[in-house]
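Residue-level structure breakdown
Residues per chain, in single letters:
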Amino acid sequence: MTATAAAATGTASPPAAAPGTAPAEEVRADARADTPADGLVAPRPPASRPRSRTYSVIARALGPVVLLALWWVSSATGLLTPDVLASPPQVIDAVGELWGNGQLQDALATSLTRSGVGLVIGLAAGLTLGITTGFTRLGDELLDSSLQTLRTIPFLSLVPLFMVWFGINETAKILLIAVATTFPMYVSTTGGVRNTDRKLVEAMRSFGLGRLAIVRQVVLPGALPSLLAGLRLSMTLSVIALIAAEEINATEGIGYLMSQAQSYARTDILAVCILVYGLLGLTADVLVRGLERVLMPWRTAGPGGGAR
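Residue positions are given per chain, counted from 1 along the sequence in the order it is written. Where totals are concerned, whole chains, interfaces and linings use all residues; where local detail is concerned, this predicted model gives features only for residues with pLDDT of at least 70, and gives and counts side-chain atom pairs only at 80 or more. As a convention, hydrogens and water are excluded, and side-chain values are obtained from all of the structure's heavy atoms.

**Overview of the packing of helix H5 (residues 103-135) against helix H11 (residues 224-245)**
Orientation is described by axes fitted as lines to C-alpha atoms, over the contacting stretch for helices, and by angles from 0 to 180 degrees between their N-to-C directions. Only DSSP runs of H or I reaching four residues or more are called helices, and only runs of E reaching two or more are called strands; each is numbered from the N terminus. Direction vectors running N to C along H5 and H11 enclose 140 degrees, while the axes themselves pass 10 Å from each other. Our classification of the angle between H5 and H11 gives oblique. In the packing of H5 onto H11, the handedness of the crossing is right-handed. Counted together, Ser-111, Arg-114, Ser-115, Leu-119, Leu-123 and Leu-127 of H5 and Leu-227, Leu-231, Ser-234, Met-235, Ser-238 and Leu-242 of H11 form the full contact between these two elements. Residue polarity follows a fixed list, in which Ala, Val, Leu, Ile, Met, Phe, Trp, Tyr, Cys and Pro are nonpolar, Asp, Glu, Lys and Arg are charged, and the others, Gly among them, are polar. Looking at the contact of H5 with H11, its residues break down into seven nonpolar, four polar and one charged. Orientation is classified from the angle alone, with under 35 degrees giving roughly parallel, over 145 giving roughly antiparallel, 65 to 115 giving roughly perpendicular, and any other angle giving oblique. Note on convention: the crossing is left-handed when the near helix lies turned anticlockwise from the far helix by less than a right angle, right-handed when the turn is clockwise. Pairs of residues are marked as contacts when any of their non-hydrogen atoms sit within 4.5 Å.

This is the structure:
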């Protein structure tokens, strides 16, 4: 229809669109197509922010540095007197004194031996019992209820009984650490073994693998995260149990240094011993983290992938 005919009939033709622009109806249609009917937008995955190792180390060291600064300032301003807690310079002098006469090295070697032997015994017992109760129904029925009952008994309550049974020698101290470290490993191992894919176990049996081979090649690798969690708890408890064990008439070790320092009101040596116990626990945690990185490199510290 021509413009003259349109004017004669009283109808107007739509205005022509400007060159290079889309009609308004097409724009609105595209907007409606991009926006869902419920008003939601397309999800966007969170972007990870990888952090450098230097940043991670600085962030982890920030808390201890702040505590040390507060301790130093409180001692310098008189808020903390030496009879309450020695200042950091006094503690450093005490470290030099104990290291110079060889007491710190001997005490540390004795305490590490006690803690290490007790930890190995506890880990072996917890791992064996956990595999037995988690992998076999008979072991679960025979052992689990008794072990769960024993697990609720505080290991510190066993100190007088162990002194009656074993005296005040090294056996009582090592066994107390072993008992304290057995049950965290047992609980973690049992949970990890029970969560193993049963279909995978049955498939390996159908291929002719024996029970020990299945445990070694299927069950333990699948339970590795739980095993490492139990190892971390057990190593931490070994330090706590060491403190209690060295209160049993110890004549050497870090606990003996503490008892001697208490007798002479040496808060600087007491602070040294407390810091040594803390460093032992921190070292145990760092070792387990290193094992996690070696044995499970695919795992991350938490949500966010490499952002840590």
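**Describing the nonpolar core**
Put simply, a nonpolar core is a bunch of buried Ala, Val, Leu, Ile, Met, Phe, Trp, Tyr and Cys residues held in one set by side-chain atoms that sit within 4.5 Å of each other. For each residue, the accessible area found with a 1.4 Å probe, counting protein chains only, is set against the maximum for its type, and the residue is called buried under 20%, exposed over 50%, and partly exposed in between. Core analysis: the biggest nonpolar cluster contains 32 residues, and Leu-176, Ile-254 and Tyr-277 have the highest contact counts within it. Taken together, the elements giving at least two residues each to this core come down to helix H4 (88-100), H5, helix H7 (159-166), helix H8 (170-194), H11, helix H12 (254-263) and helix H13 (267-295). The leading source of residues in this core is H13, at seven residues. Contacts of Ile-254, omitting those with residues within four sequence positions, involve Leu-104, Ala-107, Leu-108, Ser-111, Glu-246, Cys-273, Val-276 and Tyr-277. The next biggest cluster of nonpolar side chains, apart from the first, holds 12 residues, and it includes Met-185, Leu-227, Leu-231 and Val-288.

**Re the environment of Gln-260**
Residue placement: Gln-260 occurs in helix H12. Residue classification places Gln-260 among the partly exposed residues on the basis of a relative accessible area of 33%.

**Examining a nonpolar patch on the surface**
Each patch is built from residues lacking any salt bridge and having more than 30% relative accessible area; the joining distance is 9 Å for like charges and 5 Å for nonpolar side chains (Val, Leu, Ile, Met, Phe, Trp, Tyr). Using a 1.4 Å probe, the Shrake-Rupley method yields the accessible areas, and only the shown protein chains count as cover for residues. The term salt bridge refers to a pairing of a side-chain nitrogen on Lys or Arg with a carboxyl oxygen on Asp or Glu at a separation within 4 Å. Residues Leu-62, Val-66, Leu-67 and Leu-70 make up a contiguous nonpolar surface patch of about 400 Å² in total accessible area. Examined against the element boundaries, Val-66 turns out to sit in helix H3 (residues 53-77). With a relative accessible area of 42%, Val-66 lands in the partly exposed category.

**Considering the pattern of salt bridges**
Applying the stated criterion across every chain yields a total of eight salt bridges. Two residues, Glu-292 and Arg-232, come together in a salt bridge whose shortest N-O distance is 3.7 Å. Linking Glu-292 in helix H13 with Arg-232 in helix H11, this pair joins segments that are 60 residues apart in sequence. Residue classification places Glu-292 among the partly exposed positions, given a relative accessible area of 23%. Under the relative-accessibility criterion, Arg-232 is labelled partly exposed at 24%. Linked through salt bridges whose partners overlap, the residues forming this network are Arg-232, Asp-285, Arg-289 and Glu-292.

**Considering the side chain of Ser-75**
Within the secondary structure, Ser-75 sits in helix H3. By relative accessible area, Ser-75 is classed as buried at 16%. Not counting chain neighbours up to four residues away, the residues in contact with Ser-75 comprise Leu-80, Ala-86, Ser-87 and Pro-88.

**What about the side chain of Glu-246?**
Along the polypeptide, Glu-246 turns up in the loop between H11 and H12. Any pair of nitrogen or oxygen atoms within 3.5 Å is treated as a polar contact; in protein, a donor-acceptor pairing is required on top of that, and neighbouring residues in sequence qualify only through side-chain atoms on both sides. Only 3.0 Å separates the side chain of Glu-246 from the side chain of Arg-114, close enough to count as a polar contact. The contacts of Glu-246, once residues within four sequence positions are left out, are Ser-111, Arg-114, Gly-253, Ile-254, Gly-255 and Tyr-277.

**A few points about unusual backbone geometry**
At Ala-265, a position not held by glycine, the phi torsion is positive, near 55 degrees. Inspection of the secondary structure assignment puts Ala-265 in the loop between H12 and H13. The class of Ala-265 is exposed, set by a relative accessible area of 60%.

**Here we look at H12**
For H12, every residue scored as buried is listed here: Ile-254, Gly-255, Leu-257, Met-258 and Ala-261. Axial view of H12: buried residues confined to an arc of 155 degrees, hence all on one face. Buried residues belonging to H12 abut H5 and H13. A positive phi of about 55 degrees marks Ala-265, the residue just after H12. In this description, one arc is meant: the one made by directions from the helix axis to the C-beta atoms.

**Examining the packing of aromatic side chains**
In summary, the pairing rule links any two rings of Phe, Tyr or Trp, Trp by its six-membered ring, whose centres are within 6.5 Å, and it sorts them by plane angle into stacked for under 30 degrees, edge-to-face for over 60 and tilted for everything else. What the rule picks out here adds up to three aromatic pairs. Ring geometry for Phe-162 and Phe-166: centres 5.6 Å apart, planes at 85 degrees, overall edge-to-face. Taken together, the residues span about one helical turn, with Phe-162 and Phe-166 both in helix H7 at a distance of four residues. An aromatic cluster is present here, built from Phe-162, Trp-165 and Phe-166 joined pairwise through their rings.

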